[in-house]
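Architecture at a glance
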Amino acid sequence: MPTMSIISCKIMQDEIIWILEKDSSIDEIIVVDNGNIREFVEKLDKVNLQYRMLSLEEISSLSEIKSECKKYTVLIHLMELGLHRSPKELKIKVYETIRTLTPFSSGILLFYGLCGNVLGDVEKDFERSSISCPVHILKDKDHRIVDDCIGATVGGVKNYLRILKSVSDAGTYLFTPMYSKGWKELLDLNKLNKDPAKALKLMKKTHEIIGYKRVAKINTGLKYTENFDASIREFADLFDFEILEFDDGNQEIFKDCYDELKMEI
């Protein structure tokens, strides 16, 4: 059986765990050991999923795994969340990671969307290259690449646009459970200023200028990330935001894209 590699933003780690739990045909889970996996492996432990951690330097051992016809392996590589602050750098790092994992993969699935319109051509770019495995990115049922992690979570482009239109009267953050935990890392709040309190004050002023007034909780039905309600309330209290709630979160796109690549490889 083949090796599927999933290259993912940390924000979508819960969806990966859900897939791993649901697919009983997986023989082995391998997690690339880097600085982004602590929370992820803690969740794997909590749901009693067995896994092996390998550094990129040790990934060469996967060449043997790929050739073992009786074993289906899923390899997980979580990327640094802060890459979203520079779409150009995000594209460079994602493409580099694809090239690194290609020799040890039967297929590569990106748990990313357009992400600032820098990953829209990734499938075509690697179709034209000399790599030996297919590369897929998250798409909805209309075969459109999702805009970002929120677009993937709410089922695709149409529903995402509907939600955005419903909150268009005021600036609104849309938070999934992992987003509610990772927003400080995403914004790199502690590095914006040597004084975090001053940085927060600046953010509040920015919100006032551009008209941000709300945070919306996107319920996904997944419970791997704890204290979602408390995290939302903390964020709302910090910036004096109103809290909205949407029950549109689901795992449909993640499952469909995973199943499609699995059948292909």
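Located above this text is the structure these notes cover.
A brief structural summary. From a predicted model like this one, the values you see are computed outputs, not experimental measurements.

Cut-off values and rules
- Residues numbered from 1 in each chain as written.
- Predicted model: local features only at pLDDT ≥ 70, side-chain atom pairs only at ≥ 80, totals over all residues.
- Heavy atoms only, no water.
- Pairing = 2+ DSSP bridges.
- Helix = DSSP H or I, 4+ residues; strand = E, 2+ residues; numbered from the N terminus.
- Axes fitted to C-alpha atoms, helices over the stretch in contact; angles between N-to-C directions.
- Contact = heavy atoms within 4.5 Å.
- Buried < 20%, exposed > 50% of the residue type's maximum accessible area, 1.4 Å probe, protein only.
- Salt bridge = Lys/Arg side-chain N within 4 Å of Asp/Glu carboxyl O.
- Right-handed = clockwise from strand over helix to strand, strands pointing away.
- Polar contact = N/O pair within 3.5 Å; in protein donor to acceptor, adjacent residues only side chain to side chain.
- Parallel < 35°, antiparallel > 145°, perpendicular 65-115°, else oblique.
- Left-handed = near helix turned anticlockwise from the far one by under 90°.
- Nonpolar A, V, L, I, M, F, W, Y, C, P; charged D, E, K, R; others polar.

Looking at the sheet that holds strand S3 (residues 52-54)
- Here six strands make up an open sheet; going across it, the order is S3-S2-S4-S1-S5-S6 and the pairing parallel. In the strand order of this sheet, the two ends are held by S3 and strand S6 (135-137), each with one partner. Pairs of neighbouring strands in the sheet enclose a mean axial angle of 25 degrees, with direction left out of account.
- Direction of pairing for strand S2 (residues 28-32) relative to strand S4 (residues 73-79): parallel, over a ladder of four bridges. Residue pairing across strands places Val 31 opposite Ile 76, the latter belonging to S4.
- The sheet strands contacting helix H4 (residues 87-101) are strand S1 (3-9), S4, strand S5 (107-111) and S6, and the helix crosses S4 at an angle near 155 degrees.
- Helix H12 (residues 252-264) rests against S1, S4, S5 and S6 of the sheet, and its axis sits at about 170 degrees to S5.

Some words on the sheet that holds strand S8 (residues 212-218)
- Read across the sheet, three strands follow the order S7-S8-S9 without closing on themselves; strand pairing throughout is parallel. The two strands at the open ends of the sheet, each matched to only one other strand, are strand S7 (171-175) and strand S9 (242-246). Going across the sheet, the axis of each strand differs from the next one's by a mean of 30 degrees, ignoring polarity.
- Bridge count for S7 against S8 is five bridges, and the pairing is parallel.

A word on the pairing of S4
- Most of S4 sits inside the fold, with seven of its seven residues counted as buried.
- Residues Thr 73, Leu 75, His 77 and Met 79 of S4 are buried on one face, and the alternating residues Val 74, Ile 76 and Leu 78, pointing to the opposite face, are buried as well.
- In this structure, S1 lies alongside S4, joined through seven bridges in parallel fashion. Bridging across to S4, Ser 8 finds its partner in Leu 78.

Points about the pattern of salt bridges
- Tallied over the full model, the rule gives 18 salt bridges.
- Residues Glu 252 and Lys 141 are paired through a salt bridge, measuring 4.0 Å at the closest nitrogen-oxygen approach. Of this pair, Glu 252 sits in helix H12 while Lys 141 sits in the loop between S6 and helix H6 (149-153); the two residues are 111 residues apart in sequence, bridging distant segments of the chain.
- Look at Glu 252 and you get partly exposed, because its relative accessible area is 36%.
- By relative accessible area, Lys 141 is classed as exposed at 57%.
- Between Lys 158 and Asp 142 there is a salt bridge, and its shortest N-O distance comes to 3.7 Å. Of this pair, Lys 158 sits in helix H7 (residues 157-166) while Asp 142 sits in the loop between S6 and H6, and the two are 16 residues apart along the sequence.
- Asp 142 gets classed as partly exposed once you look at its relative accessible area, which sits at 40%.
- A cluster of three or more residues bridged by salt bridges with shared partners is formed by Asp 14, Glu 39 and Lys 43.

Quick word on the pairing of S9
- Here S8 runs beside S9; their pairing, made up of five bridges, is parallel. Within the sheet, the bridge partner assigned to Arg 214 lies in S9 and is Glu 242.
- Running through helix H11 (residues 228-239), the crossover from S8 to the neighbouring parallel element S9 is right-handed.

Topic: the side chain of Glu 28
- Residue placement: Glu 28 occurs in strand S2.
- Separated by 2.8 Å, the side chains of Glu 28 and Arg 52 make a polar contact.

Regarding the packing of helix H1 (residues 13-22) against helix H2 (residues 38-46)
- Between H1 and H2, whose axes approach to 11 Å, the crossing angle comes to 30 degrees. With respect to their mutual orientation, H1 and H2 come out roughly parallel. Crossing hand, H1 versus H2: right-handed. Between H1, through Gln 13, Asp 14, Ile 16, Ile 17 and Leu 20, and H2, the contact on the second element is made entirely by Glu 39, Phe 40, Lys 43 and Leu 44.
- Along the lines of polarity and charge, the residues of the contact of H1 with H2 split into five nonpolar, one polar and three charged.

Geometric values such as these leave the question of function open.
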